[in-house]
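Single-letter residue listing:
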Amino acid sequence: MNKINIIVIDKEEVSKTLIENYLKEIDSVSDISTFDSFEQVGNLDKTATPTIVVIDISENTKPSLDFIKQVIEKNNQCKFVLISYNLSTNFIVDALRTGAKEFLAKPIIKEEFIKIIKNTKSILFGEASPYSTSKVISTFSNKGGLGKTTVAVNLAQELADISKEKVVLVDLNMHLGDITAFLDINPNYDIKYVIDNLDKANKDFFLGTLEQYKDSNLFILADSPYREPSDEPSPQQFANLIKKLKESFSYVVVDNNSVLDTKTTTVFNESDLILFITAANLPTLRNCKRCLDIIDKLGYKNDKLKLVLNRYINTENYKIEDITAVLNKDIFWKIPNNYFVVIESINKGLTLQELNPTSNITQNYQDLARELINRE
């Protein structure tokens, strides 16, 4: 078994001791060193030993981030797990710029912490992951009403139908999700139940718990509309959920909310592809450009984030080259405007494939699914 060295940087003695005790429960951890500040650690730029650095940057944040960035740029044998009492969107943006990918809120939850350490260790040693062949596709828009959920539902159904693989559709529009209404289903179990039982989750658990859409290969996981907002899972729990789903499904399609918060960016980090849904009208394009500027600062590569133009009508008013120039980003896919077919499918609780398999928009979703399958 590959062994990993751990460095813990945390000036709070209680927190530091707690982390050390958690680490001692992990068999693959060989050596643990603790420090009060990164200045005490010494030179990590050239260490050849695979090392995970757990660092609290609740205070002295800017110098800590500068230190992390310097080490990451010079040494690929060091991976960082950032912990903080502040996990705001601005914090995540600044932290991601350093190259760090893993974050935990304080006080630390034991199960989440151990999973992150094990996953980070696997990345360092290039160990095979049981979910390495599964793909996560996220849909996102910077405001509601742009058809994000319509894209997620119909893309997931076509992926399941064309690939003949099992696909899970996850609704992360907590409390306000529409996927169950779009498909006219009433699942017996919600996201919170699955997350609470994630330690025993396997393929049989998911296939017995998630709502199967009719007799297809599509399975649904959504939130309960009756749960208290204060009981929402943490961003790291959502990340753990996605990782676990990848072990049992070939495709995980996630319908995110329209807020670029910590939960959304955490899911983005777990995604192989992000479909940013927008539309060809001036207010939407302006908001899209502002949001793209923020996302660009998160450091996502162009091949990960793709623009999808929904309800597209080819007119002289909005040419593709003009839209591309405004957004400074190419359009990956165009979905035609077929309002009446889409509305009828939603009102009847059917996918477009079930309602009208020969319509231009159904054919478009089939082409999109084939394109994404072929990319693999």
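In what follows, the structure referred to is the one given above.
What comes next is a walk through the structure. Only a predicted model underlies this, so the values are computations on that prediction, with no experimental measurement involved.

Quick notes on the rules
- Residues numbered from 1 in each chain as written.
- Predicted model: local features only at pLDDT ≥ 70, side-chain atom pairs only at ≥ 80, totals over all residues.
- Heavy atoms only, no water.
- Helix = DSSP H or I, 4+ residues; strand = E, 2+ residues; numbered from the N terminus.
- Rg over C-alpha atoms; globule rule 2.2 N^0.38 Å.
- Buried < 20%, exposed > 50% of the residue type's maximum accessible area, 1.4 Å probe, protein only.
- Contact = heavy atoms within 4.5 Å.
- Areas by Shrake-Rupley, 256 points an atom, 1.4 Å probe, with all protein chains shown as cover.
- Core = buried A, V, L, I, M, F, W, Y, C linked by side-chain atoms within 4.5 Å.
- Expected span 1.5 Å × (residues − 1).

Re the overall build of the chain
Scanning the chain for helices and strands turns up 15 helices and 13 strands. Against the globule reference of 21 Å for 376 residues, the chain gives a C-alpha radius of gyration of 22 Å, in line with a compact fold. Dimensions of the chain, computed from the C-alpha atoms along their principal axes, are close to 65 × 50 × 40 Å. Among the 376 residues that make up the chain, the fraction classed as buried is 52%. Excluding contacts between residues fewer than 6 apart, the proportion of contacts in the chain whose partners are at least 24 apart in sequence is 75%. Accessible surface for the chain amounts to roughly 17300 Å². Of this, 46% is attributable to carbon and sulfur atoms.

So, the nonpolar core
Membership of the largest hydrophobic core comes to 42 residues, with the highest contact counts inside it found for I55, F67, I68, F80, L82, F276 and I295. With sequence-adjacent residues up to four places away left out, F276 is seen in contact with F140, S141, N142, C288, C291, L292, I295, L305, K306, L307 and V308. Counting 34 residues, the second largest nonpolar core, distinct from the first, contains A152, A160, I185 and L368.

Remarks on helix α5 (residues 148-163)
Here α5 is 16 residues long and its end C-alpha atoms lie 22 Å apart, about the 22 Å a rise of 1.5 Å per residue gives. Among the 16 residues in α5, 14 count as buried, and that is most of the element. One or two residues past the end of α5 sits K164, with phi positive at roughly 65°.

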